[in-house]
Amino acid sequence: HVVQLGYPGPQGPYYCSAGADVCFGRPISDDHMHACLYAGINISGTNAEVMPGQWEYQVGPCVGIDSGDHMWMSRYIML
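The rules behind these values
- Residues numbered from 1 in each chain as written.
- Predicted model: local features only at pLDDT ≥ 70, side-chain atom pairs only at ≥ 80, totals over all residues.
- Heavy atoms only, no water.
- Helix = DSSP H or I, 4+ residues; strand = E, 2+ residues; numbered from the N terminus.
- Buried < 20%, exposed > 50% of the residue type's maximum accessible area, 1.4 Å probe, protein only.
- Contact = heavy atoms within 4.5 Å.
- Areas by Shrake-Rupley, 256 points an atom, 1.4 Å probe, with all protein chains shown as cover.
- Core = buried A, V, L, I, M, F, W, Y, C linked by side-chain atoms within 4.5 Å.
- Phe/Tyr/Trp six-rings, centres within 6.5 Å; stacked < 30°, edge-to-face > 60°.
- Lys NZ or Arg CZ within 6 Å of the ring centre and 35° of its normal.
- Pairing = 2+ DSSP bridges.
- Polar contact = N/O pair within 3.5 Å; in protein donor to acceptor, adjacent residues only side chain to side chain.
- Patch = residues over 30% accessible without salt bridge, like charges linked within 9 Å, V, L, I, M, F, W, Y side chains within 5 Å.
- Salt bridge = Lys/Arg side-chain N within 4 Å of Asp/Glu carboxyl O.

1. Details of the overall build of the chain
Move 1: Helix and strand content of the chain: two helices and two strands.
Move 2: Going residue by residue from the N terminus, the α and β elements of the chain occur as α-β-β-α.
Move 3: For the chain, the residues scored as buried account for 22% of the 79 residues in total.
Move 4: A sequence separation of at least 24 residues applies to 41% of the contacts in the chain between residues at least 6 apart.
Move 5: With an accessible surface of roughly 5,700 Å², the chain has 61% of that area assigned to carbon and sulfur atoms.

So, in structure tokens, the structure goes:
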């Protein structure tokens, strides 16, 4: 699929980064996860999303209001 005007082609060929040739940004995602774990933030998972380079992570498990603290600090570390 050819990228035209800076937009990616249809999502099918790289849906959820299935394949080494379509997985972009994993080192950044992994580095962020390791930095959060080192800082004591509870990260329970990461995964690639639909578009290339789109990643998400899950904070938790946390007790009560700690969830918000862990989320905000994980976002700070991402900066």
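So, next bit.
2. Looking at the nonpolar core
Move 1: Among the nonpolar cores identified, the biggest contains five residues, and these are M33, C36, I41, I43 and Y57.
Move 2: Excluding residues that lie within four positions of it along the chain, I43 makes contacts with M33, C36, L37, Y57, Q58, V59 and G60.

3. Looking at the packing of aromatic side chains
Move 1: With the rule as written, the count across this model stands at zero aromatic pairs.
Move 2: Sitting over the ring of W72, R75 keeps its end group 5.2 Å from the ring centre.

4. Structural notes on the pairing of strand 1 (residues 43–48)
Move 1: In terms of strand pairing, strand 1 meets strand 2 (residues 55–59) through five bridges, oriented antiparallel. If you follow A48 over to strand 2, its bridge partner there is W55.

5. Describing the side chain of S74
Move 1: Along the chain, S74 falls in helix 2 (residues 66–78).
Move 2: At 2.8 Å, the side chain of S74 and the side chain of Y57 are in polar contact.
Move 3: Setting aside residues no more than four positions away along its own chain, S74 makes contact with H32, C36, I41, Y57 and V59.

6. Let's talk about a nonpolar patch on the surface
Move 1: A surface patch of nonpolar side chains, about 430 Å² in accessible area, is lined by M73, Y76 and L79.
Move 2: Checked against the element boundaries, M73 lands in helix 2.
Move 3: The class of M73 is partly exposed, set by a relative accessible area of 45%.

7. Some thoughts on the side chain of S29
Move 1: Structurally, S29 can be placed in helix 1 (residues 26–38).
Move 2: Classification of S29 by relative accessible area gives buried; the value is 10%.
Move 3: If sequence neighbours within four positions are ignored, S29 has contacts with T46 and W55.

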